[in-house]
Structure formats: C-alpha cells, structure tokens
Amino acid sequence: QIQEFHKYKDWYEFPEKYRSMIKGSLNYEQVLSLYRRYKAVMNTNTVTDSKSMFSRRAIEAAASGVPIISDHAIGIQHIFGDMVIYYDEPEKVNR
C-alpha cells in the first residue's frame with residue numbers, strides 16, 4: 001500500500017486554488033508556542049461517539065497548558081474528563 005502512495009498523491013495535496021493561502025508548516029515547539037498566545041482553545045469534533053477519535057488540537061492545547069473548550073465527544077471525555085470546559089454546559093463556560 002505504501003509502495004503505491006504515489007498513485008494517490010493528489011488526494012493528499014491542497015487543491016491548486018488554495019495553495020497560495022498555505023503559509024508553510026510549524027514544528028512541534030512552534031505549535032505549542034502559538035497555542036500559548038491564547039487564553040483558551042476552542043475545539044469541535046465531528047466524530048463524537050468514539051473513545052479514540054478526536055481532534056489533535058486538543059492534545060496540542062493540553063500539552064501547551066491552554067484551557068480547552070469543547071463539545072462532549074466521548075474521546076475528549078475519556079482522555080480529559082473534567083479538565084475540559086464543555087461548551088454545552090453554560091454554568092462551566094461562564095466561570
């Protein structure tokens with residue numbers, strides 16, 4: 001499968017019309033430094049019923065020490081529990 005990656009390379013590239021908007025990449029330390037500039041990180045998951053699937057930004061935000069505001073995804077609850085502020089709980093958001 002890996003040997004045939006070149007056949008599907010176009011699937012993993014940004015469409016031509018968006019390439020001028022791509023600014024490059026960040027290394028891990030740069031990502032954490034960027035997150036630390038914010039008071040909180042907003043996270044929304046499209047998959048909410050899996051213990052293992054949730055956005056990487058939640059891990060990155062946690063690693064940088066920034067509070068996470070998220071929806072109730074099973075994976076987020078499983079890994080972070082009460083460390084996350086869930087935006088569908090207004091009494092916690094307003095604290």
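It should be noted that the structure appears before, not after, this text.
Each chain has its residues counted from 1, following the order in which its sequence is written. Note on the predicted model: pLDDT of at least 70 is required for a residue's local features to be given, and 80 or more for side-chain atom pairs to be given and counted; whole-chain, interface and lining totals, by contrast, use all residues. Hydrogens and water molecules were not included; the side-chain quantities draw on all heavy atoms of the structure.

Observations concerning helix α1 (residues 28-35)
- Those residues of α1 that fall on the buried side of the exposure criterion are Val31, Leu32 and Tyr35. Looking down the long axis of α1, one finds its buried residues gathered within 95 degrees of arc, a one-sided arrangement.
- For this analysis, residues touch if any pair of their heavy atoms sits within 4.5 Å. Put simply, DSSP H or I for four residues or longer makes a helix, DSSP E for two residues or longer makes a strand, and each gets a number counted from the N terminus. Elements that come into contact with the buried residues of α1 comprise β1 (41-43) and α2 (56-64).
- In the analysis that follows, any N or O atom pair within 3.5 Å is treated as a polar contact, provided that within protein one partner can donate a hydrogen and the other can accept it, and provided that, for residues neighboring in sequence, both atoms belong to side chains. If you check the start of α1, you find a side-chain oxygen 3.1 Å away from the backbone N of glutamate 29, and it comes from asparagine 27. Relative accessibility under 20% of the residue-type maximum defines a buried residue, over 50% an exposed one, and the middle range a partly exposed one, all with a 1.4 Å probe and only protein chains included. The directions from the helix axis to the C-beta atoms form the arc being described.

As for the sheet that holds β1
- Ordered in space as β1-β2-β3, the three strands form an open sheet in which the pairing is parallel. The open sheet is flanked by β1 and β3 (85-86), the only strands paired with a single partner.
- Sheet analysis places strand β2 (residues 68-70) next to β3, joined by two bridges and oriented parallel. Its bridge partner lying in β3, isoleucine 69 is registered against isoleucine 85.
- Running over the sheet, α2 touches β1 and β2 and is turned about 155 degrees from β1. Pairing between strands is defined by DSSP: at least two bridges between them are needed. In this description, a line fitted to the C-alpha atoms serves as the axis of each element, helices being fitted only across the stretch in contact, and the angle between N-to-C directions of two axes falls anywhere from 0 to 180 degrees.

In short, geometric facts, not functional conclusions.
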